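# Architecture at a glance
Below are the chains, spelled out letter by letter.
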Protein chains: 2
Amino acid sequence: MTQTTVVMLSTEHPAGALVDATAPLIHIEDQGLTRGDGVFETMLSANRSVRKLGAHLARLTGSARLLDLPMPTEENLRTAIDLALSAAEAGPQTVLGEEHTVKIIISRGTVAGGPHSWVTVAPSPAGILTQREQGVRAMLLPRGHDPAEDSTYPWLLAGAKTLSYAVNMSVLRYVKQHGADDAIWVTEDRRILEGATSSVIVAKTEGEKKVLYTPEPSHGILPGTTQGVIFEGARTAGWELGYGPLYPHDLLEADAVWLASSVRLLAPVTHLNGTPLATDSQLTEKFLGYLARS
Amino acid sequence: MTQTTVVMLSTEHPAGALVDATAPLIHIEDQGLTRGDGVFETMLSANRSVRKLGAHLARLTGSARLLDLPMPTEENLRTAIDLALSAAEAGPQTVLGEEHTVKIIISRGTVAGGPHSWVTVAPSPAGILTQREQGVRAMLLPRGHDPAEDSTYPWLLAGAKTLSYAVNMSVLRYVKQHGADDAIWVTEDRRILEGATSSVIVAKTEGEKKVLYTPEPSHGILPGTTQGVIFEGARTAGWELGYGPLYPHDLLEADAVWLASSVRLLAPVTHLNGTPLATDSQLTEKFLGYLARS
C-alpha cells in the first residue's frame, strides 16, 4: 500500500484536487514517462512547513522556462501543497516523525492532453536518517565532460532540473556496487563538480580564517538551494565564502566535507575513494540550524 | 480516444496481456516517470511484421544490461508484440495503411513493485509521411561535448537508449522555433555526430567510386539499426562504406544526405542551416527497398 498523497492540478482544479494514489494515475504515453520530458523539485516538509519553498519555486520556474513547459501560478502550487500536506498528516505517522518529502512535477503529458502537473507528499525514505547521522562514503567519478561546455547552448538544458535523471541513478547504482554510498562528479582534470543528487560543501581553516567552499555554481552545476541557505547563514556568522576551483586534495585536507540536498539535508562525507576524511559534528549541527530556520 | 494498444508483461503474464489503454496505467511514483529510469526501442511494423526486430531486441538487451534492468525473454517479447499487433489490426485503419509504430519499454517501476515492461502499438504519426516524401530542413547544433568522452565510463550509459530524452526533445523544439524540422549534432570542432533521433547517412561520388558514409558509430553515437540495414544492402550492391570523420562541407558537397530512423525510415535532408542540399530520389527508393526486405 502506498503512503503517498497526490494532488493533481488540472483545468477544472487549477489549485489541485486529491486523487487516489493507490490506483495508476499516469497515461502510458505521457511524455514525462516516454521521453523524461518534464521538470521537478524535491523538498523537505517539517512540521507541516515546506523548507525554502520560495527558492524551490524560483528554480522550478527556471526549469519550466528552459523546457517551454507551463508553470502553475505560485498561489495554486502553494494551495496544492497545503492540501497534500494536510491529507498526508492525517495518514499514518512517518518514519522521521513530522518529516515528509514533497515533490512537484510538471510533465509534457500526452500529445492529445498536453502538459500537466502534480504534487506528491510521501514519508521521507528511512535510509536518509542513517546518512545524516553516520555520513556517506563517496567516490569521485568522471562526468565525461565539463558541464560548463553545455551552458552556452539553451537546447542542452543546463541548469534545468529535468525528469531525465537516468545517469544520476546509474552512478548511484555503480558506487553502491563498489562499496560506497554516493558519487561526486569530477571533470577529466579532477576538478570537483557536484554530487549525483547534491551539492558539495567544504569547510577549511586557512590561517585565522574559516572558509566555506562550494564549486562555482554558474558553470553548468545546478545551483543548490540547501547550499545557498547554509552559505547565507555562514556569511552572516562571519565565514568567508569561496567558489573554488576545488580538487580532490582540497577535500582530503578539509576540516569537513558534506553533501547537501533538500531532503537528506547534510550528509558528512566520511570517506573519499576509501580514504577517511575529517568530520566535524559541531559544524554539522550549526549548519543544520541554519536550515531549520529557512 | 487513444488508438494505442498496450500489452503489459508481468509475473502473472510473462508473455503479456492486453490492457485498456484509455485508462491510466502507470503509477505516479514509477521511476521511469520520476527519473527517466528505463530503456526503450521504437520500431516500424508494416503488414503485421516488425522490421529488423532482431536488431532492436539486441540493442534493447544492451541498453537493459547497462542500466541493470531485467530483459524479458525474446520469446515472451515476440509473443507480446504479436498480441498487440493483432489487437491493433482489429482496430481502426491507420493513416499510413498497414504501418504501425511499435514500442517496447522497460521501466525501473516503483520502489515497491520493481521493474516492469510493456509493448505499445500505435498508428504511425501522420507527419512522418510528409518528411519521407518532402524531406527535412536540418540545423547543425553543438552537442556541448564529444559523446566519445562518455564512452569510457559505464555509469554515463553511452550507447544505451534510455527514457531520459529531454535534451533530444528540447533540440527538436529549438529547431522548429527556428524554421527547421530536425537537428544534427556536431562537436565543438564541427564534426558531424547524429540526428536528434536518427543517424546521418551521406552518399558521395568520389571519382569512379560510390561511397556511403555515416559517422563512426563506436564513438558515443547510438548504432542505428536503419543505417545498419542500408549499409549492408549498399555493400552487397557494390558501394564502398566509409565512417568519417564527416564535417559540414562533406554534407554540402554530397550527392544526397538522409536522416535514417526506424519509423520515419529515410528523410532526405533538403536544407542544412538554410542552404539547399542535393537530393536523389532514385537513391532514396533504392535504400527504402533494402529496408522493405529487412
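Structural notes, computed from the coordinates. Each chain carries its own residue numbering, running from 1 in the direction its sequence is written. To read the labels, note that chains go from A and ligands from 1, taken in the order they are written. A pLDDT threshold of at least 70 governs which residues receive local features in this predicted model, and a stricter bar of 80 or more applies before side-chain atom pairs are shown or counted, although totals over entire chains, interfaces and linings include all residues. Only heavy atoms go into the side-chain values, all of them from the structure, while hydrogens and water stay out.

### Brief notes about the packing of helix H6 (residues 225-236) of chain B against helix H8 (residues 281-292) of chain B
All names here are of chain B. Counted only if it meets this: Axes, fitted as lines to C-alpha atoms, cover a helix only where it is in contact. Angles between the N-to-C directions of the axes lie from 0 to 180 degrees. To qualify as a helix, a DSSP run of H or I must reach at least 4 residues; to qualify as a strand, a run of E must reach at least 2; elements of each kind are numbered from the N terminus. Comment on the angle field: the value is read as roughly parallel under 35 degrees, roughly antiparallel over 145, roughly perpendicular from 65 to 115, and oblique elsewhere. Residue contacts follow a heavy-atom distance rule, with two residues in contact if any of their heavy atoms lie within 4.5 Å. Residues are grouped as follows: nonpolar covers Ala, Val, Leu, Ile, Met, Phe, Trp, Tyr, Cys and Pro; charged covers Asp, Glu, Lys and Arg; every other residue, Gly included, is treated as polar.
Here H6 crosses H8 at 110°, and the two axes come no closer than 9 Å. When the axes of H6 and H8 are compared, the pair comes out roughly perpendicular. Residues Thr-226, Val-229, Ile-230, Gly-233 and Ala-234 of H6 form the contact with H8, whose participating residues are Phe-287, Tyr-290 and Leu-291. Partitioned by chemical class, the residues of the contact of H6 with H8 number 6 nonpolar, 2 polar and no charged.

### Notes on the packing of aromatic side chains
For any pair of aromatic rings, the description consists of the separation of the ring centres together with the inter-plane angle of the planes. Residue and element names in this part refer to chain A. Heads up, the condition is: Aromatic pairing here means that ring centres of Phe, Tyr or Trp (its six-membered ring) are within 6.5 Å. Orientation follows from the plane angle: under 30 degrees is stacked, over 60 is edge-to-face, and everything else is tilted. Each residue's exposure class comes from its accessible area (1.4 Å probe, protein chains only) as a fraction of the maximum for that residue type: buried when under 20%, exposed when over 50%, partly exposed otherwise.
In the structure shown here, the tally under the stated rule is 14 aromatic pairs over all chains. Ring plane angle 80° and centroid distance 5.2 Å describe the contact between Phe-40 and Tyr-165, whose orientation is recorded as edge-to-face. Within this pair, whereas Phe-40 is found in strand S3 (residues 38-46), its partner Tyr-165 is found in the loop between strand S7 (136-142) and helix H5 (166-177), the two being separated by 125 residues in sequence. The class for Phe-40 is buried, based on a relative accessible area of 1%.

### Quick look at helix H4 (residues 127-134) of chain B
Residue and element names in this part refer to chain B. Using the following cut-off: Throughout, the arc means that of the directions going from the helix axis to the C-beta atoms.
All buried positions along H4 are accounted for by Ile-128, Gln-131 and Arg-132. Looking down the long axis of H4, one finds its buried residues gathered within 100° of arc, a one-sided arrangement. Away from the buried face of H4 by more than 90 degrees, exposed residues Glu-133 and Gln-134 are located. On its buried side, H4 packs onto strand S5 (99-110), strand S7 (136-142) and strand S14 (265-272). In the stretch just after H4, Gly-135 is the one whose phi turns positive, near 80°.

### Overview of the relation of the copies chain B and chain A
How we decide: We place the copies in one frame by least squares, fitting the C-alpha atoms of every residue whose pLDDT is at least 70 in both.
Least-squares fitting of chain B to chain A yields an RMSD of 0.0 Å, with the superposition described by an axial translation of 0.0 Å and a rotation of 180°. Each copy turns onto its partner about a two-fold axis. Mapped onto chain A, 100% of the interface residues of chain B again fall at the interface, so both copies present the same surface.

### Some words on unusual backbone geometry
All names here are of chain A. With an omega of 5°, the peptide bond running from Gly-244 to Pro-245 counts as cis. With respect to the element layout, Pro-245 can be found in the loop between strand S12 (240-242) and helix H7 (248-252). In this structure, Lys-52 is a non-glycine residue whose phi angle is positive, near 40°. Take Lys-52: it is sitting in the loop between strand S4 (49-50) and helix H2 (53-66). The exposure class assigned to Lys-52 is buried, which follows from its relative accessible area of 10%.

### Let's talk about the sheet that holds strand S2 (residues 17-19) of chain B
All names here are of chain B. The test is simple: Two strands form a pair only when DSSP identifies at least two bridges running between them.
Taken in spatial order, the 6 strands of this open sheet run S2-S1-S6-S5-S3-S4, and their pairing is antiparallel. In this open sheet, the two edge strands, each paired with only one partner strand, are S2 and strand S4 (49-50). Note that strand S3 (residues 38-46) and S5 share 9 bridges and pair antiparallel. Across the sheet, the residue bridging to Ala-46 is Glu-99, located in S5.

### Focus on the interface of chain B and chain A
Short version of the rule: Each of two parts loses accessible area, computed with a 1.4 Å probe, when they are put together; buried area is these two losses added. Salt bridges are identified by distance alone: a Lys or Arg side-chain nitrogen within 4 Å of an Asp or Glu carboxyl oxygen.
Of the residues lining the interface, 52 residues belong to chain B; the matching set on chain A comes to 52 residues. Here chain B packs against chain A, burying approximately 4500 Å² in sum over the two surfaces, 60% of which is carbon and sulfur. It is Ile-28, Arg-35 and Trp-155 of chain B that lose the most area in chain B upon contact with chain A, and together they represent 19% of the buried surface on that side. Between the two partners, chain B and chain A, sit 2 salt bridges. When the shortest N-O distance is used, the salt bridge between Asp-37 of chain A and Arg-173 of chain B registers 3.5 Å.

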